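# Structure assessment
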Amino acid sequence: MVLISYKAKQFLVFLVKLLIVIGALYFIYKQLANNNALQWQEFYVLVTTNWTFATVFLLLLFSFTNRFLEILKWKNLVLVVKKIAIQEASKQVLAALTAGIFTPNGVGEYAGKALYFDKNQTKTIVFLNLVCNGVQMILTVFFGVLGLFYLGYFLYGVYVLFALVLLFIVLFFTKKITIKGYSLNKLVFKIKEIPKQIHNKNNMLAVGRYLVFSHQYYFLFTVFGVQNISYLDLMATISVVYFLASCLPSFQFLDFAVKGSVGVYFFGKLDINEWIVVFVSTLMWFLNVVLPVLIGSYFVLSFKVNHNPKFKS
């Protein structure tokens, strides 16, 4: 009876892993095949006439660096629990990315990473992932607000600042409220418990990742022939689009659609053709989500659940 239960458990785990991978690949295919805004003929002409091996290499290098910095961030933060090798950190980050592709704003990544640790460490891992993503979001907000003011969207900038101030006021007056044993005070205390050198390295890697991602965006626009716009104007618009798109509830597999729709409006102010904006957003999604998910699919399928062979059915 124990043997049957064990086999049933193994089959169920394999089925879940297979469904995650198949689902991820299906959604990727659907988004690419059914997007009418993608003018593939124009894209093909542009790629075959203007793109070189060096162009493709640089784009892949940007994507590799972007994800590698995220892996280094995670490896650094997990030192709070234990030291892991770069290979193990890569496996955890990429598998979690794949598992989180169906969830709003990648929430599934939290559970995906926690599966690689003991159950009594789950809360700590979720907390560390919150710190990892939180710093990245703070940078996105900071540069996004700067971009709004630089581009002259003062009203939007004031609205954002007002919302942030209101949020801080609400958090300040509710910091001692406890819900199921958790409070803002306790969260701040746990953040302070993390060694300063880990925080500093995490912040440095987060800044590096933001700069790599945003400049890959910039590079793609130049590759598509957008060269008559100043560096600061284009980078400021990129920061605004990335900020506003990140604030909207979304799924990883719809990320390019959200950024593309926001981008069409703001990049349109710079007289950039709509189809270029859509293709740049799609390629950014493909290079920074699809490719890592494909690699992460292997780690999902090879994931082994910790089990006790003596369990009873």
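Residues numbered from 1 in each chain as written. Predicted model: local features only at pLDDT ≥ 70, side-chain atom pairs only at ≥ 80, totals over all residues. Heavy atoms only, no water.

It is worth spelling out the packing of helix 6 (residues 122-150) against helix 8 (residues 184-193) at this point. Remark: helix 6 packs on helix 8, axes separated minimally by 11 Å, with the N-to-C direction vectors making an angle of 80 degrees. Viewed along their axes, helix 6 and helix 8 adopt a mutual orientation that is roughly perpendicular. Where helix 6 abuts helix 8, its residues Phe127, Leu130 and Val131 lie against Leu187, Lys190 and Ile191. Classifying every residue of the contact of helix 6 with helix 8 gives 5 nonpolar, no polar and 1 charged. (Axes fitted to C-alpha atoms, helices over the stretch in contact; angles between N-to-C directions. Helix = DSSP H or I, 4+ residues; strand = E, 2+ residues; numbered from the N terminus. Parallel < 35°, antiparallel > 145°, perpendicular 65-115°, else oblique. Contact = heavy atoms within 4.5 Å. Nonpolar A, V, L, I, M, F, W, Y, C, P; charged D, E, K, R; others polar.)

Before going further, it helps to spend a moment on the nonpolar core. Where a protein is soluble and globular, its nonpolar side chains tend to be buried together. In this structure, Tyr217, Phe221, Phe224, Phe267 and Ile272 are the most contacted members of the largest nonpolar core, which totals 37 residues. Listed by contribution, the elements that provide at least two residues to this core are helix 6, helix 9 (196-223), helix 10 (231-247), helix 11 (255-268) and helix 12 (274-301). With near-sequence residues (within four places) excluded, Ile272 lies in contact with Phe221, Val226, Ile229, Leu234, Phe267 and Val277. (Core = buried A, V, L, I, M, F, W, Y, C linked by side-chain atoms within 4.5 Å. Buried < 20%, exposed > 50% of the residue type's maximum accessible area, 1.4 Å probe, protein only.)

Looking now at the UniProt feature "transmembrane region" (unreviewed entry) in the protein. Per the UniProt record, the feature "transmembrane region" (unreviewed entry) sits at residues 12-29, 49-69, 126-150, 156-174, 217-245 and 275-301. The straight-line gap between the two end C-alpha atoms of residues 126-150 is 36 Å; of that span, 100% is helix and 0% is strand. Regarding residues 275-301, the helix share stands at 100% and the strand share at 0%, and the terminal C-alpha atoms are separated by 36 Å. (UniProt positions renumbered as here; feature names shortened; annotations may be inferred.)

So, on to the environment of Phe266. Looking at the element boundaries, Phe266 is found in helix 11. When neighbours within four sequence positions are excluded, Phe266 is seen to be in contact with Tyr153, Thr237, Val240, Val241 and Leu244.

Running from N to C, helix 3 (residues 53-77) and helix 9 point in directions that differ by 160 degrees, and their axes come no closer than 9 Å. Between helix 3 and helix 9, the angle falls in the class roughly antiparallel. Considering only the axes of helix 3 and helix 9, their crossing is left-handed. (Left-handed = near helix turned anticlockwise from the far one by under 90°.)

Next up on the list: a nonpolar patch on the surface. Taken together, the side chains of Phe53, Phe57, Leu58, Leu61, Phe64 and Phe68 make up a nonpolar region of the molecular surface, amounting to roughly 630 Å² of accessible area. Tracing the backbone through its elements, the reader meets Phe64 in helix 3. (Patch = residues over 30% accessible without salt bridge, like charges linked within 9 Å, V, L, I, M, F, W, Y side chains within 5 Å. Areas by Shrake-Rupley, 256 points an atom, 1.4 Å probe, with all protein chains shown as cover. Salt bridge = Lys/Arg side-chain N within 4 Å of Asp/Glu carboxyl O.)

Here we come to the environment of Lys190. Positionally, Lys190 belongs in helix 8. Taking relative accessible area as the criterion, Lys190 reaches 29% and is therefore assigned partly exposed. Lys190 sits 62 residues away from Leu128 along the chain, and the two C-alpha atoms are 9.8 Å apart.

Right, let's get into the pattern of salt bridges. Within the structure shown, the criterion is met by 3 salt bridges. Put simply, Glu70 and Lys73 hold a salt bridge, and the shortest N to O gap is 3.5 Å. One end of the pair is Glu70 and the other is Lys73, both in helix 3 and 3 residues apart, which spans about a single turn. Classification of Glu70 by relative accessible area gives buried; the value is 4%. In this structure Lys73 comes out as buried when scored by relative accessible area, which is 0%.

This brings us to the packing of aromatic side chains. Under the counting rule described, the total for this entry stands at 17 aromatic pairs. On the numbers, 5.8 Å between centres and 45 degrees between planes, the contact of Tyr153 with Tyr156 is tilted. Between Phe221 and Phe267 the ring centres are 4.6 Å apart and the planes differ by 50 degrees, which places this aromatic pair in the tilted class. Pair noted here: Phe221 is in helix 9 and Phe267 is in helix 11, with a separation of 46 residues, a long-range link. Among the residues examined, Phe221 registers a relative accessible area of 0% and is labelled buried. Phe267 sits in the buried class, given a relative accessible area of 0%. Taken together through their ring pairs, the aromatic side chains of Phe142, Phe143, Tyr210, Phe213, Tyr217, Phe221, Tyr242 and Phe267 make up a single cluster. Directly above the ring of Phe127 sits Lys190, whose terminal nitrogen or CZ lies 5.2 Å from the centroid. (Phe/Tyr/Trp six-rings, centres within 6.5 Å; stacked < 30°, edge-to-face > 60°. Lys NZ or Arg CZ within 6 Å of the ring centre and 35° of its normal.)

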